[in-house]
Amino acid sequence: MDNDAWAVLVEPEGKVHVVEMQPGVRKVKGLGVFDPIEAIGKAAYGATITVGQKKLTRMPPRLPELSKGMLRRAQTISAKDAGYLIARMGLGSGDRVLEAGLGSAGLSMHIARSLGGSGLHVTVEPRTEHAEVGLKNMIRAKQSWAEFPEHHHVEGAIEEVTDAIQTHAETFDAIILDLPNHTPAVGAVAPLLAVGGRLACYCPVTSQVEAAWFACEEAGLEVEWAGELIERQWGKASKGGMRPVNGPFGHTAFLLIAQRISVDELTQ
Ligand SMILES: C[S@@+](CC[C@H](N)C(=O)[O-])C[C@H]1O[C@@H](n2cnc3c(N)ncnc32)[C@H](O)[C@@H]1O
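Residues numbered from 1 in each chain as written. Predicted model: local features only at pLDDT ≥ 70, side-chain atom pairs only at ≥ 80, totals over all residues.

Chemist: What am I meant to see in the overall build of the chain here?
Modeler: In terms of helices and strands, the chain carries nine helices and 15 strands. In summary, the chain has a C-alpha radius of gyration of 20 Å against a globular reference of 18 Å for 268 residues, a match within 12%. Oriented by its inertia axes, the alpha-carbon framework of the chain measures out at about 65 × 50 × 30 Å. By the burial criterion, 37% of the 268 residues in the chain qualify as buried. (Helix = DSSP H or I, 4+ residues; strand = E, 2+ residues; numbered from the N terminus. Rg over C-alpha atoms; globule rule 2.2 N^0.38 Å. Buried ≥ 20, exposed ≤ 12 C-beta atoms within 10 Å, placed from the backbone.)

Given below as structure tokens:
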């Protein structure tokens, strides 16, 4: 599935570095100054590479590795919530997905992976400094995987760029919003949701999920599910056996999923 545009190097503790395989000595953040072609070359997956003092294992550029080693700017949606959204919204090949904001593209990489080579993915982001980071992560993924959906990026606030969005598709099978204020966005893009399609809002705080719920109902969508997912990791206990690992039992966000069931609101 993979090609050699990007090399994934993993530290023994699990930290991941994604290195562009272009010739020339240069500084690679977190690893130092070296020529990736000389240091990594055609090393097989699983082989150990030495860069400076570090011993690293080369691994294939799969989604979990590209996510762990991604460039970051805005807060990202991780596998726990991305996986649930993808399953619950039923995303798969051939689907048309609209997503805002792109941010660092944490969620976008998961969506692209689930669409494979026959989907359409439109991302929207008003902040160029966020889009620059997010689009770089998307390029890494596109150049690493055998299949990638048709991807278009639209600059701007989603509620203000619906015309530009609709140059790529009249309607979408799924719309996912990770925004500070969902209400105007839901009102603007709900008419772009195909019958049977689902719209999801990612809401870090309760006031957002409440506002998103009302906005979806106002837009003629039926709220199908709202709630949060709690993840509890287990590990080996020092004196034998297994137990939940120590560490924060954290919150990411509340998710809300609504569906367009009726065409009535679209035809009024
Ligand atoms: C938390 S970040 C998104 C992170 C992204 N889901 C990820 O997993 O990497 C929220 C993004 O929404 C963008 N944003 C804010 N208002 C927006 C709007 N009205 N339309 C589109 N994007 C918006 C912000 O600039 C920011 O980059």
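Chemist: What is the right way to read the domain arrangement of the chain from this model?
Modeler: How big an interface is tends to be expressed through the accessible area that disappears when the partners come together. In terms of domain boundaries, the chain breaks down into domain 1 (6-61) and domain 2 (68-267). Once you take the C-alpha centre of each, domain 1 and domain 2 turn out to be 31 Å apart. With six residues of domain 1 at the contact, the number on the domain 2 side is five residues. Contributing elements (two or more residues each) for the side of domain 1 that touches domain 2: β1 (6-10) and β2 (16-20). When residues of the side of domain 1 that touches domain 2 are assigned to their parent elements, the largest contribution, three residues, is made by β2. Here the residues of the side of domain 1 that touches domain 2 sort into five nonpolar, one polar and no charged. (Domains from an automatic or database assignment. Contact = placed C-beta atoms within 7 Å. Nonpolar A, V, L, I, M, F, W, Y, C, P; charged D, E, K, R; others polar.)

Chemist: Looking at this structure, how should I read unusual backbone geometry?
Modeler: Negative phi is the rule for most residues except glycine; trans is the rule for most peptide bonds. Across the junction of Ala 100 and Gly 101, the peptide omega takes the value -15°, indicating a cis bond. Looking at the secondary structure, you find Gly 101 in the loop between β7 (96-100) and α4 (106-115). One non-glycine residue, Ala 105, adopts positive backbone phi at about 75°. Within the secondary structure, Ala 105 is located in the loop between β7 and α4.

Chemist: Looking at this model, I keep getting lost on the sheet that holds β2. Mind explaining?
Modeler: Within a sheet, adjacent strands bond to each other through the backbone by hydrogen bonds, running parallel or antiparallel. Across the sheet, which stays open at both edges, the four strands sit in the order β2-β1-β6-β5 with antiparallel pairing between neighbours. Strands with a single pairing partner mark the edges of an open sheet, and in this sheet they are β2 and β5 (48-51). Averaged over all adjacent pairs, the angle separating strand axes in this sheet is 40°, with direction ignored. (Pairing = 2+ DSSP bridges. Axes fitted to C-alpha atoms, helices over the stretch in contact; angles between N-to-C directions.)

Chemist: Sorry if this is basic, but what is going on with the packing of α4 against helix α5 (residues 128-144) here?
Modeler: Think of two packed helices as two axes; the pair is described by the angle between the axes and how far apart they sit. Contact geometry of α4 with α5 gives a least axis separation of 9 Å together with a crossing angle of 30°. On the basis of their axis angle, the class for α4 and α5 is roughly parallel. Classified by chirality, the crossing of α5 by α4 is right-handed. Contacts between α4 and α5 pair Ser 108, Met 109 and Ala 112 from the former with Gly 134, Asn 137, Met 138 and Ala 141 from the latter. Taken together, the residues that form the contact of α4 with α5 break down as four nonpolar, three polar and no charged. (Parallel < 35°, antiparallel > 145°, perpendicular 65-115°, else oblique. Left-handed = near helix turned anticlockwise from the far one by under 90°.)

Chemist: I'm lost on the nonpolar core in this one. Help?
Modeler: Side chains that are nonpolar tend, in soluble globular proteins, to be buried together. With 64 residues, the main nonpolar core has Ile 175, Leu 177, Leu 199, Ala 200, Ala 212 and Leu 256 as its most contacted residues. At six residues, strand β11 (residues 193-203) tops the list of elements feeding residues into this core. Mapping this core onto the domain boundaries places at least three of its residues in each of domain 1 (6-61) and domain 2 (68-267). Here Ala 212 is in contact with His 182, Val 186, Cys 201, Cys 203 and Leu 256, once residues within four sequence places are set aside. (Core = buried A, V, L, I, M, F, W, Y, C linked by C-beta atoms within 7 Å.)

Chemist: Would you mind showing me how to read the site of the ligand here?
Modeler: Around the ligand there are 23 residues in total, and Ala 74, Gly 101, Gly 103, Gly 106 and Ala 157 lie nearest to it. Those elements giving two or more residues to the shell around the ligand turn out to be α4 and β8 (120-125). Here the residues of the shell around the ligand sort into 12 nonpolar, seven polar and four charged. (Near = placed C-beta within 6 Å.)

Chemist: Can you help me understand helix α8 (residues 206-218) in this one?
Modeler: Every α-helical turn comprises 3.6 residues, leaving residues that sit three or four positions apart pointing alike. For α8, built from 13 residues, the straight-helix expectation of 18 Å at 1.5 Å per residue is met to within 8% by its first-to-last C-alpha distance of 18 Å. Residues Gln 208, Val 209, Ala 212, Trp 213, Ala 215 and Cys 216 constitute the buried set of α8. Elements in contact with the buried residues of α8: α7 (182-189), β11, β12 (222-227) and β15 (254-259). Within two residues after α8, Gly 220 carries a phi angle of roughly 85°, on the positive side. (Expected span 1.5 Å × (residues − 1).)

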